[in-house]
Amino acid sequence: MSNSKQSDTVIHTPSGIVGKQDFTITVYTENQVGLLNRIAIIFSRRKINIESLNVSPSEAEGIHRFTIVISETEDVVRKLCLQIEKQVEVLKAYYNTNEEIIWQEMALYKVPTDIIAEKAKVERLLHQHGARAVVIRKDYTIFETTGHREETEGLIKALEPYGLIEFVRSARVAIIKASKGFHEKLKEFEQTEPGEELVENEFLDKQDEVFTM
Amino acid sequence: METLEIIKDQKTEIKEPVSISGSQAVLEAFIAEGVHTIFGYPGGAIMPIYDALYDYNDKLEHILVRHEQGAIHAAQGFARSSGKVGAVFATSGPGATNLVTGLADAMIDSTPVVCVTGQVFAHLLGTDAFQEIDVINITAPVTKWNYQVTDATEIPHILAKAFYIARTGRPGPVLIDITKNAQIQKFDYEGYTKCEHIRSYRPKPIVRKEYVEDAAKLINEAKKPFVIFGQGIILGKAEKEFKAFIEKGGFPAAWTVLGLSAIPTDHPLNVGMLGMHGNYGPNVLTNECDVLIAIGMRFDDRVTGRLDKYAKQAKVIHLDIDPAEVDKNVKSTVPVWGDCKETLPMLTKLIDKKEHTEWLNKFHEFTQKEIDIVINDELNPKTEVMTMGEVIKSLNELTNGDAIIVTDVGQHQMVACRYAKFNQSKSNITSGGLGTMGFGLPAAIGAKLGAPERTIVEIVGDGGFQMTIQELGTIMQYKVDVKIIILNNQFLGMVRQWQQLFNDKRYSFVDIQSPDFVQVAKGYGIAGQTVKDRKDLRSALQEMLEHKGSYLLEVMVGKENNVFPMVPQGCSVSEIRLQ
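Residues numbered from 1 in each chain as written. Chains lettered and ligands numbered in written order. Predicted model: local features only at pLDDT ≥ 70, side-chain atom pairs only at ≥ 80, totals over all residues. Heavy atoms only, no water.

Engineer: For the environment of A:Leu82, give the residues involved together with the corresponding values.
Structural biologist: Within the secondary structure, A:Leu82 is located in helix H2 (residues 74-86). Along the sequence, A:Leu82 and A:Tyr94 sit twelve residues apart, while their C-alpha atoms lie 9.4 Å from each other. In contact with A:Leu82, not counting residues within four places along its chain, are B:Pro323 and B:Ala324. (Helix = DSSP H or I, 4+ residues; strand = E, 2+ residues; numbered from the N terminus. Contact = heavy atoms within 4.5 Å.)

Structure follows, in structure tokens:
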């Protein structure tokens, strides 16, 4: 009804992180039509841009894994994960900082074959970037490289003077360092009464800090 | 009805599948889930289900509304007055899109509703066929769950899932879209099994004893504890447990708009309503209590006012069934996840028996001040024009607080919520979170069908009434006994109030004209009258309540009366204005 300025509060998160940073959200779900939209609109409703999104089957049969990268504050990401978990077909949503995961992106580069063949420098360059030829044709060659954003980005810059025709990069895929896989968790979900462990609680270890009365 | 009997026999004795259509399977599912009343409107893509319904006339009552929005609001009213799941049928395309407002309303107010919409044949999906619309994606943000059925064999277990999801945990609306081919398709039906577990869905979190203990410790140390509660108490059917809790601890307790009627209005520990137009004491003292115990409520912005000035001095204990609500708006010191039906008795056991007389008196002092400055003038006005409050006051005296009050949205809603008296739970039905004008009339119809033994009084404004006025036709056709009170101030009053207070009285498009409501009602065969003088009010209310069948009473009230107290938007709850 009117323009209010209510949201200027900063809520401090348990770990004290207030600023925006990259978070990787890992979501385990049932394989169901329409779920991608249900998850996507949780972000778009809050005008949050998804930087990268990957969906593929997980190690557990019938369970799909979403890997979503966004740049936000931890408090926002935590709330997003709770909203994602609220979806009926979502089993679990985790969020992690870059330090807590091992992650990679794959990139493909299309370059004119004649230029590469002529210039030995290019070959050295590709070697330096750990790139590998996937297809070699008379007119063009496609290289592939895998790594972090800066690495794939670096090769674009390096190849630009040699007539880079086309470039594409995949979404991030990530493995949580501390994860023990999803098989065990899945067993708990299949029980009628879920196990205690399922309700994670950030306050559990912080009782001393919480009770100051 | 033959079909059903055969199925029952075969299920219990022969246990042999029987061939039925998808449409029949839908109806069998509704019956198995205990549904008797369905609100709906037929159309092309749901015709096979309606054809099957023709044979189920003695098991299922179908209420033909006048607009699909009316169907879903009626189902909401039904669910809210009965505590059961509301049921809706609508066709594809416009039939389904007309449900969206009601779905959103049910979503934000956690009302269990199952909607079945027809859809074009599966082979026509995505072809822009006649009355084809992408219902699943349109309704994704406003449903707890939705699903499109294209094969009849899916129907029994999908509907079982739908009912299970709608009514468990934090309830909500579910929509099942069924393509026409699946409705027609015959398949081997093996009976209906209720859903009791979905591996990816946890209706309620496990209760953690350590948190209950921590909460109890905090409560026992508190000097000025304050309980604020919402609809979670009613949805969790935990009224008794809640009463035991506040009575043992001697806590002053204030309700949100949707928490109204969870305890009787005149309970000695009930200190009134929270929020923008709530009571003076609960709002101001939110910022003075030392432990704030929030139960089954979600800290809506209309309750909290400015968040960074909300209860900053207090330790917050938050009991909720939905993990996503805890710490969403207000950071809790101790979160107590779980069903309050389970957590409240655990907590009651651990808390000390206490009386906080001095603290409670503080609330009473504020109440007295509010009575002196606001309430007296509203309930016993000395002005010539009538106030909304005096209508509610007279109504209270005549119903004794035994009626179910259904309201629409606006000034009359806030006045009704502030002054209506309630003796029993599930007696206040209103559109809280979404603020849907037009909710009242259809919701009142549903409320009556959900609680036929009770008196239903709908309080509505002249604006909102015209949004779903066509449902008078439903009242006429099914002889639903609903008492309608239109509080007519000849304005869209709440917006006008804001324009007066915050936009320099620039009354921009709030001057609404109305038809002769009594004549309109007469056209539908509904009795009624208009009251313009105070001296006629009481007898008119009496006549309305004693009238057999529906009745429309239009009361002309002051054109520019305002609802106070008020927490202006962007202000703290302690900055509440009394005038």
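Engineer: Lay out the nonpolar core with the relevant residues and their values.
Structural biologist: Residue and element names in this part refer to chain B. Counting 101 residues, the largest nonpolar core has Phe245 and Ile295 as its most contacted members. Two domains each provide a minimum of three residues to this core, namely domain 2 (209-363) and domain 3 (386-556). Residue contacts for Ile295: discarding those within four places in its chain leaves Val227, Ile228, Phe229, Gly230, Ile233, Phe242, Phe245, Leu319, Cys340 and Leu344. Residues Leu53, Ile158, Ala166 and Ile178 belong to the second largest nonpolar core, which totals 45 residues. (Core = buried A, V, L, I, M, F, W, Y, C linked by side-chain atoms within 4.5 Å. Buried < 20%, exposed > 50% of the residue type's maximum accessible area, 1.4 Å probe, protein only. Domains from an automatic or database assignment.)

Engineer: How would you explain helix H6 (residues 183-190) of chain A if you had to name every residue and give the values?
Structural biologist: Residues and elements named next belong to chain A. Listed in full, the buried residues belonging to H6 are Lys185, Leu186, Glu188 and Phe189. Considered in projection along H6, the buried side chains sweep an arc of 160° and stay on one side of the axis. Looking at the buried positions of H6, the neighbouring elements they touch are strand S3 (63-72) and strand S4 (90-97). (Arc of directions from axis to C-beta.)

Engineer: Quick one: what's the story with the packing of aromatic side chains, residue by residue and with numbers?
Structural biologist: Overall, the coordinates contain 23 aromatic pairs over all chains when judged by the stated rule. Aromatic side chains A:Tyr109 and A:Phe167 sit 5.2 Å apart centroid to centroid with 45° between the ring planes, which places their arrangement in the tilted category. Linking A:Tyr109 in strand S5 (residues 101-112) with A:Phe167 in strand S8 (residues 166-169), this pair joins segments that are 58 residues apart in sequence. By relative accessible area, which is 26% here, A:Phe167 ends up partly exposed. With centroids separated by 5.9 Å and ring planes inclined at 75°, the aromatic side chains of B:Phe299 and B:Tyr310 adopt a geometry described as edge-to-face. Remark: B:Tyr310 occurs in the loop between helix H14 (301-304) and strand S13 (315-320) and B:Phe299 occurs in the loop between strand S12 (291-295) and H14; sequence separation between them is eleven residues. Taking relative accessible area as the criterion, B:Tyr310 reaches 3% and is therefore assigned buried. (Phe/Tyr/Trp six-rings, centres within 6.5 Å; stacked < 30°, edge-to-face > 60°.)

Engineer: I'd like a description of unusual backbone geometry, backed by residues and values.
Structural biologist: Residues and elements named next belong to chain B. Residues Phe564 and Pro565 are joined by a peptide bond in cis, for which omega reads 0°. Checked against the element boundaries, Pro565 lands in the segment after strand S20 (551-556). Within the chain, Lys479 stands out as a residue other than glycine whose phi angle is a positive 50°. Secondary-structure assignment places Lys479 in the loop between helix H21 (472-478) and strand S18 (483-488). Lys479 sits in the exposed class, given a relative accessible area of 70%.

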